[in-house]
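Each chain is listed here by its residues.
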Amino acid sequence: MASLSLRHINKVYPNGFEAVKDFNLEIEDKEFIIFVGPSGCGKSTTLRMVAGLEEISSGELRIGDKVVNDVEPKDRDIAMVFQNYALYPHMTVYDNMAFGLKLRKVPKPEIDKMVREAAKILDLEKLLDRKPKALSGGQRQRVAMGRAIVRNPKVFLMDEPLSNLDAKLRGQMRIEISKLHQRLGTTIIYVTHDQTEAMTLGTRIVVMNAGVVQQVDTPRKLYDEPCNLFVAGFIGSPQMNFLDAQCEVSGDKVLLNVGPAKIELPPAKAKKLIDGGYAGKTVVLGIRPEDVHDEPMFIASSPNTVIEATIRVYEMLGAEVYLHFDYEGANMTARVDPRTTARNGDTVKFAFDAEKIHVFDKETEMTIT
Ligand code: ATP
């Protein structure tokens with residue numbers, strides 16, 4: 001069993017900087033957990049504490065049912081893949097993968113079997129005699145993975161393993177890593193600042209900011225039900241649109257006033273604002289770009305969520321178009337069908353999908369609905 005348990009983990013660096021604050025997480029066997037967040041949020045520090053490369057200031061770390069706070073990295077039954085693959089340049093691919101096993105005095109035939117198996121999984125069989133300098137970035141990356149696989153660890157730790165690759169290769173390697181996880185069935189903890197990587201790879205995602213865990217959830221839940229403004233803005237690309245709105249309550253109706261527009265909330269959402277005492281207050285309305293529609297049909301059927309704006313930038317991406325515009329001081333984006341007739345300078349009506357509107361408390365930044 002390779003479950004992990006992080007309980008009240010804190011990290012204070014010697015200079016007094018609190019990099020990780022009260023981190024709590026139960027990881028089940030075979031989970032693919034992602035730590036994601038902006039630069040400096042403490043994700044690598046947390047991973048390095050799990051690896052044993054960084055001392056835990058306080059709290060308890062368990063792997064399986066064993067407390068490992070004071071266990072040496074080499075005895076933790078984990079393998080780590082870093083962003084700079086740290087391959088030995090003078091060794092062949094085969095020797096790079098075999099090196100750790102040789103050090104541990106594993107018999108030669110067994111080493112051979114393990115290396116060849118890993119090479120097969122990673123499609124490196126034809127490259128075993130090459131030196132790293134004769135490999136592409138993606139191939140080097142796979143060798144680094146291979147070196148981790150042959151150790152047959154209970155847990156894989158990966159720190160931005162794809163960040164040195166170009167966008168296309170990153171996309172391919174994402175799929176490779178996903179397959180690898182299914183095939184090996186090991187627990188993986190993976191650090192990235194790239195939310196696309198987080199969304200596509202993780203079974204669960206831990207979103208961090210300034211050393212503090214913001215939300216732990218499945219990709220779907222994080223996307224649909226972010227717990228606060230930070231998570232809502234961080235997950236999703238292009239990011240969620242945010243508008244300051246005045247909350248007007250009349251009877252059981254709630255209108256969010258944004259400039260000249262009065263956006264009516266559906267009953268269940270309206271009730272949350274009424275019950276929360278938001279009448280007359282300023283709140284933050286959030287709407288994802290794909291929930292801002294320019295089709296006449298949608299606008300006609302949603303007359304109570306319509307705004308009007310002038311297109312600043314028409315951005316054609318092939319399968320979709322981003323329409324960028326300013327509305328009441330906010331930069332907004334609508335992700336629309338490429339058949340749209342809207343172009344730069346046009347004044348366009350947009351309707352929000354009312355059921356997809358998020359509302360946040362302006363002061364606490366927590367989600368209201
Ligand atoms: P990135 O994506 O940029 O790697 P990260 O989320 O992985 O960021 P960490 O490397 O965990 O961030 O660093 C968290 C914070 O701790 C940062 O503000 C960093 O400057 C600080 N930090 C890291 N190492 C030390 C150290 N040895 N002493 C003091 N502060 C440190």
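Cut-offs applied
- Residues numbered from 1 in each chain as written.
- Predicted model: local features only at pLDDT ≥ 70, side-chain atom pairs only at ≥ 80, totals over all residues.
- Heavy atoms only, no water.
- Pairing = 2+ DSSP bridges.
- Helix = DSSP H or I, 4+ residues; strand = E, 2+ residues; numbered from the N terminus.
- Phe/Tyr/Trp six-rings, centres within 6.5 Å; stacked < 30°, edge-to-face > 60°.
- Buried < 20%, exposed > 50% of the residue type's maximum accessible area, 1.4 Å probe, protein only.
- Lys NZ or Arg CZ within 6 Å of the ring centre and 35° of its normal.
- Contact = heavy atoms within 4.5 Å.
- Axes fitted to C-alpha atoms, helices over the stretch in contact; angles between N-to-C directions.
- Polar contact = N/O pair within 3.5 Å; in protein donor to acceptor, adjacent residues only side chain to side chain.
- Domains from an automatic or database assignment.
- Buried area = accessible area lost by both parts, 1.4 Å probe.
- Salt bridge = Lys/Arg side-chain N within 4 Å of Asp/Glu carboxyl O.

1. Here we look at the pairing of strand S2 (residues 18–27)
Where strand S1 (residues 4–12) and S2 come together, 6 bridges link them in antiparallel fashion. What sits directly across from Leu-6, in S2, is Leu-25. Once S1 ends, the chain turns through 5 residues before running back antiparallel as S2, passing Gly-16 with a positive phi of about 95 degrees.

2. Remarks on the packing of aromatic side chains
Under the criterion given, the structure shown has 6 aromatic pairs. With a centroid separation of 5.8 Å and an interplanar angle of 50 degrees, the aromatic rings of Phe-32 and Tyr-190 are classed as tilted. Taken together, the residues span a long stretch of sequence, with Phe-32 in strand S3 (residues 32–36) and Tyr-190 in strand S8 (residues 187–192) at a distance of 158 residues. This pair shows no difference in class: Phe-32 is buried, exactly as Tyr-190 is. Directly above the aromatic system of Tyr-278 lies the positively charged group of Lys-281, at a separation of 5.6 Å from the ring centroid. The residue whose ring lies beneath Arg-288 is Tyr-223, and the NZ or CZ to ring-centre distance is 3.8 Å.

3. A few points about the pairing of strand S19 (residues 347–352)
The pairing of strand S15 (residues 292–293) with S19 spans 2 bridges and is antiparallel. Looking across to S19, one finds that Val-292 is bridged to Phe-352. With 5 bridges joining them, strand S16 (residues 306–316) and S19 adopt antiparallel strand pairing. From the neighbouring strand, Val-306 faces S19, where its bridge partner is Ala-351.

4. As for the sheet that holds S2
The sheet built from 4 strands is open, its strands ordered S2-S1-S4-S5 with antiparallel pairing. Looking at the sheet topology across the chains shown, the edges are occupied by S2 and strand S5 (66–67). Here 2 bridges tie strand S4 (residues 58–63) to S5, and the two strands are oriented antiparallel to one another. Along S5, the bridge assignment pairs Arg-62 with Val-67. Along the sheet face, helix H1 (residues 43–51) touches S1, S2 and S4 and points at about 120 degrees away from the line of S1.

5. As for the side chain of Thr-46
Along the polypeptide, Thr-46 turns up in helix H1. Residue classification places Thr-46 among the buried positions, given a relative accessible area of 1%. Polar contacts involving the side chain of Thr-46 include one to the main-chain carbonyl oxygen of Gly-42, which spans 2.8 Å. Beyond its immediate stretch of four places on either side in the chain, Thr-46 contacts Leu-6, Val-20, Phe-23, Phe-35 and Met-208.

6. What to know about the domain arrangement of the protein chain
Once the domains are mapped, the protein chain shows domain 1 (4–234) and domain 2 (241–361). Just the C-alpha atoms count here: the centres of domain 1 and domain 2 sit 39 Å apart. At the interface, 8 residues of domain 1 touch 6 residues of domain 2. For the pair domain 1 and domain 2, the two sides together bury roughly 610 Å², of which 61% comes from carbon and sulfur. Area buried by domain 1 at its contact with domain 2 is led by Tyr-223, Leu-229 and Ala-232, which between them contribute 74% of it. Put simply, domain 1 and domain 2 have 0 salt bridges between them.

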